[in-house]
Amino acid sequence: MKIIEANGARIPALGLGTYTLKDETCVRLVAQGIEDGYRHIDTARMYGNEAEVGKGIAASGIDRGEIFLTTKVWWTDLSAEAFADSARAAVDAIGLGPVDLLLIHWPNRDVPLEETIEALNAALEQGLTRAIGVANFTAPMLDEAAALSPAPLACNQVEYHPFLSQESILGACRRHGMAMIAYSPIGQGGELLAHPVIAGIAATRGRTPAQIVLRWELEQDIVGAIPRTSNPARLKENLDVFDFELTEEEHKAITALTTKRQRLVDPAFAPNWDRI
Ligand SMILES: NC(=O)c1ccc[n+]([C@@H]2O[C@H](COP(=O)([O-])OP(=O)(O)OC[C@H]3O[C@@H](n4cnc5c(N)ncnc54)[C@H](OP(=O)(O)O)[C@@H]3O)[C@@H](O)[C@H]2O)c1
């Protein structure tokens, strides 16, 4: 497994996304995923499944210390007081002690960034998390957050796949020694996986389209990916991407698709995205 060293955090590059996984399905999938070899799990306050993620980790039989667990505070809870309450509630819900990485889920232009970054650092100092970071921050916002934060930020989690270039954010993450964690890394299982370039490489290499896309992401030094599946058979498929390499031409052909700039996650409260 590739590990990304990011300002003191050691992030297993491939993680399991858990958005929409609920109840027993979530417990079972997380436990099964860990048994299959996942060592990084991604949840959030907003997913409403932190307790089930905690139960799944406990049920896996693998030491908590071997799992890298991320959760996130929702954008409506970014004032100092709300953030503190939410971070504490997350840790209580998971029930396994501190998390490995606590993220601001989305920026909120109505709360001064300085206040939220201070609250994020306070959660670190209180031992609720071992590392801190952000999600859905643009490159200029990331520069601002890095300048404001006394403790270094470990990552920016953003949408990233072969239909969406993130050059500006990759550059900003590199400047600050941070990882860039790709969400919706297989394009939510849609059109991307059927694209002739992806499907063609998959056929040539005897791999699935999802494996080709994940491999392209993981071949980029500071990039990690957190694909989600509710299908136990696909857990292994999405993890099985460490025993082959794309040729330079294959990698470049996939990178060329990123100019399409097809964004799948763009809620009304999203920031003004980077143009490249
Ligand atoms: N920070 C944020 O704001 C943010 C936003 C969005 C997502 N996320 C995180 O990122 C994770 C992943 O993103 P995502 O859930 O949006 O999308 P994704 O992982 O790109 O795609 C998930 C979809 O792809 C399908 N799928 C999974 N493996 C497949 C395979 N091997 N072949 C074909 N289809 C496959 C799944 O269906 P089946 O279940 O049927 O397999 C599911 O419908 C989330 O779960 C969440 O943890 C974070």
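Fair warning: this is a prediction, and the values are worked out from it, not measured in the lab. (Residues numbered from 1 in each chain as written. Predicted model: local features only at pLDDT ≥ 70, side-chain atom pairs only at ≥ 80, totals over all residues.)

Details of the overall build of the chain
Where we set the bar: Put simply, DSSP marks the helices as runs of H or I at least four residues long and the strands as runs of E at least two long, and each gets a number from the N terminus on. When we talk radius of gyration, it's over C-alpha atoms, and the globule rule is simply 2.2 Å times the number of residues to the 0.38. In this scheme the burial state of a residue depends on its C-beta neighbours within 10 Å: 20 or more other such atoms mean buried, 12 or fewer mean exposed, and anything in between means partly exposed; the C-beta positions come from the backbone. C-beta atoms are first placed from the backbone for all residues, and any pair lying within 7 Å is then listed as a contact.
Summing up its helical and strand segments, the chain has eleven helices and ten strands in all. Expected size for 276 residues packed as a compact globule is a radius of gyration near 19 Å; at 18 Å, the chain falls within 12% of this value. If you line up the chain on its principal axes, its C-alpha atoms span 55 × 45 × 30 Å. Within the chain, the fraction of its 276 residues that count as buried is 48%. Of the contacts formed within the chain by residues at least 6 apart in sequence, a portion of 73% connects residues at least 24 apart.

Observations regarding helix α5 (residues 139-148)
The line we're drawing: The reported arc concerns the directions from the helix axis to the C-beta atoms and nothing else.
Taken as a whole, α5 has its buried residues at A139, M141, L142, A145 and A146. Summarising the axial view, the buried residues of α5 lie within an arc of 150 degrees, below the 170-degree limit, and thus occupy one face. Looking at the buried side of α5, the elements it contacts are α4 (113-125), β7 (132-135), β8 (155-159) and α6 (167-175).

Notes on the site of the ligand
Stated precisely, the cut-off is as follows: Here is the check we use: build the C-beta atom from the backbone, and if it is within 6 Å of the molecule or strand, call the residue near. Just so you know the grouping, Ala, Val, Leu, Ile, Met, Phe, Trp, Tyr, Cys and Pro go in nonpolar, Asp, Glu, Lys and Arg go in charged, and all remaining residues, Gly too, go in polar.
Near the ligand you find 28 residues, and of these G17, Y19, G189, A210 and R228 are the closest. It is helix α10 (residues 232-239) that provides the largest number of residues to the shell around the ligand, a total of three residues. Residues of the shell around the ligand, tallied by class, amount to ten nonpolar, 14 polar and four charged.

Observations regarding the sheet that holds β7
Sheet strands pair by backbone hydrogen bonding; their relative direction is either parallel or antiparallel. We apply this condition: By this definition, two strands are paired if DSSP reports at least two bridges between them. In this analysis an axis means a line fitted to C-alpha atoms, helices contributing only their contacting stretch, and an angle means the value between N-to-C directions, from 0 to 180 degrees.
Ordered in space as β3-β4-β5-β6-β7-β8-β9-β10, the eight strands form an open sheet in which the pairing is parallel. Taken across any chain shown, the strands that pair with only one partner, and hence form the sheet edges, are β3 (16-17) and β10 (223-225). Sheet strands touched by α6: β8 and β9 (179-183). Its angle to β9, the strand with the most contacts, is close to 145 degrees.

Section: the pairing of β8
For a regular strand, side-chain orientation follows a simple rule: the groups alternate between the two sheet faces. We apply this condition: For crossovers, right-handed means that the path from the first strand over the helix to the second runs clockwise, given strands pointing away from the viewer.
Counted residue by residue, β8 has five buried out of five residues, so it is predominantly covered. Both β7 and β8 contribute to a ladder of two bridges, which runs parallel. From the neighbouring strand, V134 faces β8, where its bridge partner is N156. Following the backbone out of β7, through α5 and into the adjacent parallel β8, one traces a crossover that is right-handed.

Some words on the nonpolar core
Just so we agree on the cut-off: In these notes, a nonpolar core means any group of buried Ala, Val, Leu, Ile, Met, Phe, Trp, Tyr and Cys residues linked to one another through C-beta atoms within 7 Å.
Formed by 82 residues in total, the largest nonpolar core has its most connected members in A154, C155, A179 and M180. Among the elements that line this core, the one with the most residues is helix α9 (residues 209-218), at six residues. Setting aside its immediate chain neighbours within four residues, A179 contacts I4, A6, I11, A154, C155, C173, I222 and G224.

Side note on α4
The condition that has to hold: Given the number of residues in a helix, its expected span is that number minus one, multiplied by 1.5 Å.
Spanning 13 residues, α4 covers 18 Å between terminal C-alpha atoms, matching the ideal 18 Å at 1.5 Å per step. All buried positions along α4 are accounted for by L113, T116, I117, A119, L120 and A123. Buried residues of α4, seen end-on, are gathered within an arc of 160 degrees and therefore sit on one face of the element. More than 90 degrees from the buried face of α4, the exposed residues found are E114 and E125. After α4 finishes, the residue G127 shows a positive phi value of roughly 80 degrees.

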